[in-house]
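Here's the letter readout for the chains.
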Amino acid sequence: MRKTVALFLSSCVISTIAGLPAALAGANITVDVGNGEILSQEDAFQRWYPASTTKLMTAYVAFRMIESGQVTLDTPIKITALAAKQPPSKMGYKVGSELTLDNALKIMLVKSTNDIAMAVGETLGGSADKFSMLMNEEARRLGMYGSHFVNPNGLHSDDHYTTARDMAILTLQLRREFPQYAHYFDIEAIDYGGKKPQPDLNALIGRFQGADGMKTGFVCPSGYNLIGSATRNGRTIVTVVFGELKLTTRATKAAELLAKGFDTRDTGTTIDALRPYGAPTRDVAVNMRPTVCPKEVSGSDTWDGKDLEGHIVQGSPYMNRMDHEPAVEKVALLPAKINSLGMEMNRIPIPMPRPDRSSLTDASSALKAVN
């Protein structure tokens, strides 16, 4: 009998680690930005895959570099071959195209494009790997000791992980350290010259009273993630929601936690004082793929602003339909660089270096000697 119970408990632990329905779905934390007070939490130290919420750290590193004078919002961000190869969501700009850091941040945070995030990382860091090192340095400095980043866009890697507690710390720092850049996180839509403007993937914007940020994320192993913020009567609250099963429920869950957060005070616990808790398995990332994408369907972190809205509003007493057309910000590439022949510089093939003739002679002599 005891052996049977032990086997049952063991299978439960394995299911939890694998991200099956028994897993710790719904890790979250809600915090008051002003005093760091924790208003609610659930499995805040459970390791999770951040998906595109990673782009908040990419933005944070960029803001730090701007403030230190290393770059400006006008710094050209170049689309490299590696950036162009990133899977969707992406802009699809051709290799060699350039846009300002300002426009890159807007596109990256609203449309959640993986190619632009990679281009930002490569341009600012010198390479994606070097930029990831900067991300991890900032994570350590901020005390995000449950996080590790390997890329600037959040595409899945088993070595790319975080916790709800850590992402709350990052979000608090973004709000406190860089209030001058807060507008990047509540843009309602961008016009990039497509058929229609791209609405912000964060469905809280324009639908939850006071919503003013921050970022969504989705890959099959992570489930649907959302980091939301809202300000009412001078009080700003952030919530981190990881591992929801649907595009709609991550918004309704975040709205519920934010609404209840505004009704909560004096819990006696701050995020700075919070100590790790949870089962030992918290240091193994929950993998939601078997639950969220059981048929190997890639899923989607995109919507057109119409199909989803009714489902969100109907599913939450805290959400309302957007009562106006989304305010649109225009973004565009920088003009192509033209040479004296009228050709775009980025369309000219890079010539391969010709081998030195003396080296060819030496190689030929060496081959004859061998033969």
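As the structure is a computational prediction, the values presented were derived from the model and not from experiment.

K.L.:
Whenever I open this one, the overall build of the protein confuses me. Can you help?
P.N.:
A tally of helices and strands in the protein yields 11 helices and 10 strands. Put simply, the protein has 371 residues, and 50% of those count as buried. For the protein, the proportion of contacts with a sequence separation of at least 24, taken over those separated by at least 6, is 69%. In the structure as shown, the protein presents an accessible area of about 17,900 Å², 54% of it carried by carbon and sulfur atoms.

K.L.:
What am I meant to see in the nonpolar core here?
P.N.:
Note that soluble globular proteins tend to have their nonpolar side chains buried in a common cluster. Counting 95 residues, the largest nonpolar core has Ile29, Phe63, Ile116 and Phe208 as its most contacted members. When residues of this core are assigned to their parent elements, the largest contribution, nine residues, is made by helix H2 (residues 55-67).

K.L.:
Would you mind going over the sheet that holds strand S2 (residues 38-42) with me for this structure?
P.N.:
Strand pairing within a sheet occurs via backbone hydrogen bonds; the two strands may be parallel or antiparallel. The strand order across the open sheet built from five strands is S2-S1-S9-S8-S7, with neighbouring strands paired in antiparallel fashion. Looking at strand neighbours, the two that pair on one side only are S2 and strand S7 (211-219), the edges of this open sheet. Neighbour-to-neighbour, the strand axes of the sheet open up by a mean angle of 5 degrees, direction not taken into account. On the sheet, helix H8 (residues 247-262) packs against strand S1 (28-32), S2, S7, strand S8 (223-232) and strand S9 (235-244) and is oriented at approximately 145 degrees with respect to S9.

K.L.:
How should I be thinking about the pairing of S7 in this particular structure?
P.N.:
Both faces of the sheet carry side chains from a regular strand, because those side chains alternate between them. Most of S7 is tucked away: nine of the nine residues are buried. In this sheet, S8 lies alongside S7 in antiparallel orientation, the contact comprising eight bridges. Each bridged residue has a counterpart across the sheet, and for Ala211 the counterpart in S8 is Ala230. What sits between the antiparallel neighbours S7 and S8 is a turn of three residues.

K.L.:
Even after reading the chapter, I still don't get helix H4 (residues 101-110), so can you show me in this structure?
P.N.:
Because the α-helix completes a turn every 3.6 residues, residues three or four places apart line up on one side. Summarising burial for H4: 10 of the 10 residues are buried, a large majority. Those residues of H4 not exposed but buried are Leu101, Asp102, Asn103, Ala104, Leu105, Lys106, Ile107, Met108, Leu109 and Val110. Backbone geometry just downstream of H4 places Ser112 in the positive-phi region, at approximately 55 degrees.

K.L.:
Just to check I follow, could you spell out the packing of H2 against helix H5 (residues 114-125) for this structure?
P.N.:
Two quantities define a packed helix pair, namely the angle between the axes and the distance from one axis to the other. Where H2 meets H5, the axes come as close as 11 Å, and the angle between the chain directions of the two elements is 35 degrees. In this structure, H2 meets H5 at a crossing whose hand is left-handed. Across from Lys55, Thr58, Ala62 and Met65 in H2, the residues of H5 making contact are Asn114, Ala117, Val120 and Leu124.

K.L.:
I'm lost on the sheet that holds strand S5 (residues 189-191) in this one. Help?
P.N.:
Spatially, three strands are ordered S6-S5-S10 in an open sheet, and the strand pairing comes out mixed. Strands at the two margins of the open sheet, each flanked by one partner only, are strand S6 (198-199) and strand S10 (328-330). Sheet strands in contact with H4 are S5, S6 and S10, and its direction is about 130 degrees off that of S5.

K.L.:
Before we go on, may I ask you to explain the state of the cysteines in this structure?
P.N.:
Here a disulfide denotes one covalent bond, and it connects the sulfur atoms of two cysteines. On inspection of all chains with the given rule, the structure shows one disulfide. A disulfide bridge connects Cys220 with Cys293, and the sulfur atoms are separated by 2.0 Å. Because the torsion about its S-S bond is -85 degrees, the bridge between Cys220 and Cys293 counts as left-handed. Highlighted residues: Cys220 in the loop between S7 and S8 and Cys293 in the loop between helix H9 (289-292) and helix H10 (309-314), separated in sequence by 73 residues.

K.L.:
Could you clarify how one ought to interpret the pattern of salt bridges in this entry?
P.N.:
Should their charged atoms come close, side chains of opposite charge can pair. Counting across every chain of the model gives 12 salt bridges. Measuring nitrogen to oxygen at the nearest pair gives 3.3 Å for the salt bridge that ties Glu138 to Arg64. Here Arg64 lies in helix H2 and Glu138 lies in helix H6 (residues 128-142), a separation of 74 residues in the sequence. Looking at Arg64, the relative accessible area reads 29%, which means it is partly exposed. Among the ionic pairs, Arg282 bridges to Asp283, the shortest N-O distance being 3.9 Å. For Asp283, a relative accessible area of 44% gives the class partly exposed.

K.L.:
I would appreciate a short explanation of the packing of aromatic side chains in the present structure.
P.N.:
What characterises a pair of aromatic rings is the spacing of the ring centres plus the angle enclosed by the ring planes. The final tally for this structure, using the stated rule, is 10 aromatic pairs. Judged by centre distance (5.6 Å) and plane angle (65 degrees), the ring pair of Tyr60 and Phe178 falls under edge-to-face. Residue Tyr60 is located in helix H2, and its partner Phe178 is located in the loop between helix H7 (164-177) and S5; the two are separated by 118 residues in the primary sequence. In this structure Tyr60 comes out as buried when scored by relative accessible area, which is 0%. Ring geometry for Phe63 versus Tyr184: centroids 6.0 Å apart, planes at 35 degrees, classification tilted. Separated by 121 residues along the polypeptide, Phe63 in helix H2 and Tyr184 in the loop between H7 and S5 bring together distant segments of the chain. The exposure class of Phe63 is buried, given its relative accessible area of 0%. Tyr184 sits in the buried class, given a relative accessible area of 1%. Aromatic rings pair up to connect Tyr60, Phe63, Phe178, Tyr181, Tyr184 and Phe185 into one cluster.

Criteria and cut-off values
- Residues numbered from 1 in each chain as written.
- Predicted model: local features only at pLDDT ≥ 70, side-chain atom pairs only at ≥ 80, totals over all residues.
- Heavy atoms only, no water.
- Helix = DSSP H or I, 4+ residues; strand = E, 2+ residues; numbered from the N terminus.
- Buried < 20%, exposed > 50% of the residue type's maximum accessible area, 1.4 Å probe, protein only.
- Contact = heavy atoms within 4.5 Å.
- Areas by Shrake-Rupley, 256 points an atom, 1.4 Å probe, with all protein chains shown as cover.
- Core = buried A, V, L, I, M, F, W, Y, C linked by side-chain atoms within 4.5 Å.
- Pairing = 2+ DSSP bridges.
- Axes fitted to C-alpha atoms, helices over the stretch in contact; angles between N-to-C directions.
- Left-handed = near helix turned anticlockwise from the far one by under 90°.
- Disulfide = S-S within 2.5 Å.
- Salt bridge = Lys/Arg side-chain N within 4 Å of Asp/Glu carboxyl O.
- Phe/Tyr/Trp six-rings, centres within 6.5 Å; stacked < 30°, edge-to-face > 60°.

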